[in-house]
Amino acid sequence: MRRAALPSRDTREKGSFVLYYALIWMSSSIVGPYLGAYYVDMGFPVFQIGLLSSVGAVVCLLIQPLWGIASDRSRHPLRLLRAVFLLVGGLVLLFLLGRQYWHFILISVIYSTCSSAVMPLSDAYTLRFLSSRGLKFAHIRLAGTLGYAFSVFVLGRILGGQELTIIFLIGGGMNVLCAASTWLLPRLEPAQPQKAGKPAGRPGSGLRSVLDRELVLVLFFALVMQTALGFHGTFLSVYVKELGCENSVIGVLQCASALSEVPVLLLIDRILRKWNVFRILSTAGGVMVLRMLLDSLAGVGGLPVLMASQLLQGVTYMSLSYCTILYMSRKMPPHMKTTGQSLLQGVQGGLGSILANTGGGALGSLLGIQRAYLAVAALLFCATAVFLFGTRQKLKASGEA
């Protein structure tokens, strides 16, 4: 009898990243989507919930460059990533100690210091591996989407009308599991920092060398898009509570949004052969305006309208996320890959989230969440128009940018 062929080294290594992305996105689905609902249960009003969510974003904005530089200069980036997971797994349990508002502010600062580093460090390391093997990021990222969809659906079924304190216990355990999965990832040689004879310089001087008009436009558009997406994500659970629904509905809506990313990930590389990232980002901006309008109508149309909005997640969030991550990976020199992803995360997860949570919380308190969606739609419409005008030459090109 012939023995079954063993999987090749590339197949095993790619499989380790598939498992890793499934786990890290399952982990991200546990605390974040339900945190707003948890704060509602604690009795905090919309504006205070927005401020609480902004605390983590401020920390992300300040700490991301340091994480990026540390990873780029580290000879053992996997060890750094492993340590981050273990810290996050322990720090998430601090939420169980919170009783008063200022407790949660302090806990959010401490927790976000480490949790905000997971995705940029993971994306940068993964893209380095894929580039060295000529593999596509979409196949790896798809595992994250499916893991996220499975996790939010199952967790939503478990939670139902129960108290949400269990999310912190599950979140702690999942981060430990993510740390263990990094042992399966292939070790990559550290990127060469700079050519011999050139001074290292300050971190800022490296960024200035690549910070041209095109990159500024991409970061600007990513900022405004993430502001809209962040507002939707932060206050979705609050909105669902206002509509009188149980926690399980949050899980179903999150599952639907995650599954909508699957066709986008299956087709995105084909689309990039015909459309460059600027065309895709512009299209995502237009669809996101529609999505905000649908959100504003959910108070009248109910959950079906909100479900329709969630099904546009793939065209909006995933198109933005995939294209900007890919763009930054190509834009940055080898010794600044993680710095570039951290810059993107700082703009989106940091500044964008601050605007979404603080500004969104203020708008939600002033206008109500439904009308606030209309205001965000108007802002995004103007930003998309600016991006279209600023990249009009790039929009005429075809193929990958």
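Predicted model, so just to flag it, every value in this text is computed and none were measured.

### Some points on the overall build of the protein
Logical step 1: Helix and strand counts for the protein come out as 19 helices and 0 strands.
Logical step 2: In the protein, which comprises 401 residues, the share counted as buried stands at 56%.
Logical step 3: About 17,700 Å² of surface is accessible on the protein, with carbon and sulfur atoms providing 66% of the total.

### Focus on the nonpolar core
Logical step 1: Ile24, Tyr39, Phe85, Phe95, Phe168, Val240 and Tyr322 are the most contacted members of the largest nonpolar core, which has 119 residues in total.
Logical step 2: Sorting elements by how many residues they give to this core places helix 10 (residues 213–242) first, with 17 residues.
Logical step 3: Among all residues touching Ile24, those that are not within four sequence positions of it are Phe85, Met119, Ser122 and Cys178.

### Some points on a nonpolar patch on the surface
Logical step 1: Taken together, the side chains of Val58, Leu61, Leu62, Leu351 and Leu355 define a hydrophobic patch exposed on the protein surface, amounting to about 400 Å² of accessible area.
Logical step 2: Mapped by element, the contributors of at least two residues to the nonpolar patch are helix 3 (46–73) and helix 17 (337–367).
Logical step 3: Ranked by the residues each element gives to the nonpolar patch, the list is headed by helix 3, at 3 residues.
Logical step 4: Considering the arrangement of structural elements, one finds Leu355 in helix 17.

### Things to note about the packing of helix 16 (residues 313–331) against helix 17
Logical step 1: Packing of helix 16 against helix 17 brings their axes to within 8 Å, and their N-to-C directions diverge by 145°. Remark: the crossing between helix 16 and helix 17 carries right-handed chirality. Side by side, helix 16 and helix 17 meet where Leu320, Thr324, Ile325, Met328, Ser329 and Arg330 of the first sit next to Lys337, Gly340, Gln341, Leu343, Leu344 and Gln348 of the second.
Logical step 2: Along the lines of polarity and charge, the residues of the contact of helix 16 with helix 17 split into 5 nonpolar, 5 polar and 2 charged.

### What to know about the packing of aromatic side chains
Logical step 1: Under the counting rule described, the total for this entry stands at 20 aromatic pairs.
Logical step 2: Ring centres of Tyr39 and Phe44 lie 6.1 Å apart, and the angle between their planes is 50°; on these two criteria the pair is classed as tilted.
Logical step 3: What makes Tyr39 buried here is its relative accessible area of 1%.
Logical step 4: In textbook terms, an aromatic cluster arises when at least three aromatic residues are bridged by ring pairs, as seen for Tyr38, Tyr39, Phe44, Phe95, Tyr101, Phe104, Tyr111 and Phe168.
Logical step 5: Directly above the aromatic system of Trp183 lies the positively charged group of Arg82, at a separation of 3.7 Å from the ring centroid.

### Brief notes about helix 13 (residues 277–296)
Logical step 1: Helix length check: helix 13 (20 residues) gives 29 Å between terminal C-alpha atoms against 28 Å at 1.5 Å per residue, within 8%.
Logical step 2: Extensive coverage of helix 13 is indicated by the burial of 14 of its 20 residues.

### So, the pattern of salt bridges
Logical step 1: By the definition in use, this model includes 2 salt bridges.
Logical step 2: Taking the shortest distance from any N to any O, the salt bridge between Arg133 and Glu13 comes out at 3.0 Å. Separated by 120 residues along the polypeptide, Arg133 in helix 6 (residues 118–133) and Glu13 in helix 1 (residues 9–28) bring together distant segments of the chain.

### Describing helix 6
Logical step 1: For helix 6, spanning 16 residues, the distance from its first C-alpha to its last is 23 Å, which sits close to the expected 22 Å at 1.5 Å a residue.
Logical step 2: Summarising burial for helix 6: 12 of the 16 residues are buried, a large majority.
Logical step 3: By the burial criterion, the buried members of helix 6 are Val118, Met119, Pro120, Leu121, Ser122, Asp123, Ala124, Tyr125, Thr126, Leu127, Phe129 and Leu130.
Logical step 4: Phi turns positive one or two residues past the end of helix 6, at Gly134, with a value near 70°.

### Notes on the confidence of the model for the protein
Logical step 1: A residue-level look at the protein finds 89% of positions with pLDDT of 70 or above and a mean pLDDT of 82.
Logical step 2: Contacts of residues 193–205 to residues separated by more than four positions or lying in other chains number 7 contacts, the stretch itself having pLDDT below 50.

### Thoughts on the environment of Gly147
Logical step 1: Inspection of the secondary structure puts Gly147 in helix 7 (residues 137–159).
Logical step 2: Between the alpha carbons of Gly147 and Ile24 there is a distance of 8.4 Å; along the sequence they are 123 residues apart.
Logical step 3: Ignoring any residue separated from it by four or fewer positions in sequence, one finds Gly147 in contact with Ala22 and Met26.

### Focus: the environment of Arg279
Logical step 1: Counting through the fold element by element, Arg279 comes out in helix 13.
Logical step 2: Taking the C-alpha atoms as reference points, Arg279 and Lys394, 115 residues apart in sequence, are found 8.2 Å from one another.

### Quick notes on the packing of helix 3 against helix 10
Logical step 1: At their nearest, the axes of helix 3 and helix 10 sit 10 Å apart, and the two run at 155° to each other. Taken together, helix 3 and helix 10 sit at an angle that is classed as roughly antiparallel. Once helix 3 is placed against helix 10, the crossing between them reads as right-handed. Residues Val46, Ile49, Gly50 and Ser53 of helix 3 form the contact with helix 10, whose own contacting residues are Thr234, Phe235, Val238 and Glu242.
Logical step 2: Considering only residue class, the contact of helix 3 with helix 10 consists of 4 nonpolar, 3 polar and 1 charged.

### Notes on the side chain of Arg141
Logical step 1: Relative to the helices and strands, Arg141 resides in helix 7.
Logical step 2: Side-chain polar atoms of Arg141 contact the side chain of Thr145, separated by 3.1 Å.
Logical step 3: Those residues in contact with Arg141, other than ones at most four positions away along the chain, are Tyr21, Trp25, Glu261, Leu265, Tyr317 and Met318.

### Observations regarding the side chain of Gln254
Logical step 1: Structurally, Gln254 can be placed in helix 11 (residues 247–259).
Logical step 2: Under the relative-accessibility criterion, Gln254 is labelled buried at 10%.
Logical step 3: Side chain to side chain, Gln254 and Tyr148 meet in a polar contact 3.3 Å long.
Logical step 4: Once you skip the residues sitting within four places of it in the chain, Gln254 turns out to touch Pro33, Tyr148, Val152, Leu236 and Gln310.

Criteria and thresholds
Residues numbered from 1 in each chain as written. Predicted model: local features only at pLDDT ≥ 70, side-chain atom pairs only at ≥ 80, totals over all residues. Heavy atoms only, no water. Helix = DSSP H or I, 4+ residues; strand = E, 2+ residues; numbered from the N terminus. Buried < 20%, exposed > 50% of the residue type's maximum accessible area, 1.4 Å probe, protein only. Areas by Shrake-Rupley, 256 points an atom, 1.4 Å probe, with all protein chains shown as cover. Core = buried A, V, L, I, M, F, W, Y, C linked by side-chain atoms within 4.5 Å. Contact = heavy atoms within 4.5 Å. Patch = residues over 30% accessible without salt bridge, like charges linked within 9 Å, V, L, I, M, F, W, Y side chains within 5 Å. Salt bridge = Lys/Arg side-chain N within 4 Å of Asp/Glu carboxyl O. Axes fitted to C-alpha atoms, helices over the stretch in contact; angles between N-to-C directions. Left-handed = near helix turned anticlockwise from the far one by under 90°. Nonpolar A, V, L, I, M, F, W, Y, C, P; charged D, E, K, R; others polar. Phe/Tyr/Trp six-rings, centres within 6.5 Å; stacked < 30°, edge-to-face > 60°. Lys NZ or Arg CZ within 6 Å of the ring centre and 35° of its normal. Expected span 1.5 Å × (residues − 1). pLDDT = per-residue confidence, 0-100. Parallel < 35°, antiparallel > 145°, perpendicular 65-115°, else oblique. Polar contact = N/O pair within 3.5 Å; in protein donor to acceptor, adjacent residues only side chain to side chain.

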